[in-house]
Amino acid sequence: QVQLVESGGGLVQPGGSLRLSCAASGRIFGIYLMGWYRQAPGKERELIATITSGGAGNYADSLRGRFTISRENAKHTVYLQTNSLKPEDTAVYYCNIAISSRIYWGQGTQVTVSS
């Protein structure tokens, strides 16, 4: 019913920035929460941030101020602006949407931070 497609990942140097996008399609309506997560090699998937339909962001404490989440409701799209990237930010970044008591995940987009 709902599909998510992430884009915008790639290879960047330390200190660089990327803007990730996630477009949702399908049966989407009403109030729903969207979010970004990431999973580094050998580590568990971790929360980056979530955002309400009203645009209120909720961030993991360790990333607050460096990453910014936003959304464009008309296109059911959520964005993640990543700044001052570090090698330890290297991971697969996933978006999700919580709607109709279910959570849908995208396939992920790779972010690699290296010189």
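Residues numbered from 1 in each chain as written. Predicted model: local features only at pLDDT ≥ 70, side-chain atom pairs only at ≥ 80, totals over all residues. Heavy atoms only, no water.

Q: Sorry if this is basic, but what is going on with the state of the cysteines here?
A: Cysteine pairs can be linked by a disulfide, which is a covalent bond between their two sulfur atoms. All chains considered together, the criterion is met by 1 disulfide. Between Cys22 and Cys95 runs a disulfide, and the two sulfur atoms are separated by 1.8 Å. Disulfide Cys22-Cys95: the torsion about the S-S bond is 50 degrees, which places it as right-handed. Of this pair, Cys22 sits in strand S3 (residues 18-26) while Cys95 is found in strand S9 (residues 91-99), placing the two residues 73 residues apart along the sequence. Judged on exposure class, the residue Cys22 and its partner Cys95 are both buried. (Disulfide = S-S within 2.5 Å. Helix = DSSP H or I, 4+ residues; strand = E, 2+ residues; numbered from the N terminus. Buried < 20%, exposed > 50% of the residue type's maximum accessible area, 1.4 Å probe, protein only.)

Q: Before we go on, may I ask you to explain the packing of aromatic side chains in this structure?
A: Remark: the centre distance and the inter-plane angle together describe each pair of aromatic rings, the angle taken between the planes. Scanning the model with the defined rule gives 1 aromatic pair in all. A centroid spacing of 5.0 Å and a plane angle of 65 degrees characterise the contact between Tyr37 and Trp105, whose relative ring orientation is edge-to-face. Of the two residues, Tyr37 sits in strand S4 (residues 33-39) while Trp105 sits in strand S10 (residues 102-105), which places them 68 residues apart along the sequence. We classify Trp105 as partly exposed; its relative accessible area is 35%. The lysine or arginine in question, Arg19, covers the ring of Tyr79, its NZ or CZ lying 4.0 Å from the ring centre. Seen from the ring of Trp105, Arg45 lies directly overhead, with NZ or CZ sitting 4.6 Å from the centre. (Phe/Tyr/Trp six-rings, centres within 6.5 Å; stacked < 30°, edge-to-face > 60°. Lys NZ or Arg CZ within 6 Å of the ring centre and 35° of its normal.)

Q: Got a minute to help me understand the pairing of S9 in this structure?
A: Look at any regular strand and the pattern is simple: side chains alternate between the two faces of the sheet. Judged by how many residues are buried, S9 sits mostly within the fold: 7 of 9 residues are covered. Pairing of S4 with S9, which is carried by 7 bridges, proceeds in the antiparallel orientation. When the sheet's bridge partners are listed, Tyr37 is paired in S9 with Tyr94. Sheet topology note: the S9/strand S11 (residues 109-113) ladder contains 3 bridges and is antiparallel. Bridge pairing in S11 links Ala91 to Val111. Here S9 runs beside S10; their pairing, made up of 4 bridges, is antiparallel. The partner of Asn96 across the bridge, within S10, is Trp105. Linkage of S9 to S10, two consecutive antiparallel strands, is achieved through a turn of 2 residues, within which Ser100 is found at a positive phi near 55 degrees. (Pairing = 2+ DSSP bridges.)

Q: Any chance you could explain the environment of Val113 here in plain terms?
A: If you trace the backbone, Val113 turns up in strand S11. Separated by 91 residues in the primary sequence, Val113 and Cys22 have C-alpha atoms spaced 20 Å apart. If near-sequence neighbours (up to four positions away) are discounted, Val113 is found in contact with Val12, Gln13, Pro14, Leu85, Lys86, Pro87, Asp89 and Thr90. (Contact = heavy atoms within 4.5 Å.)

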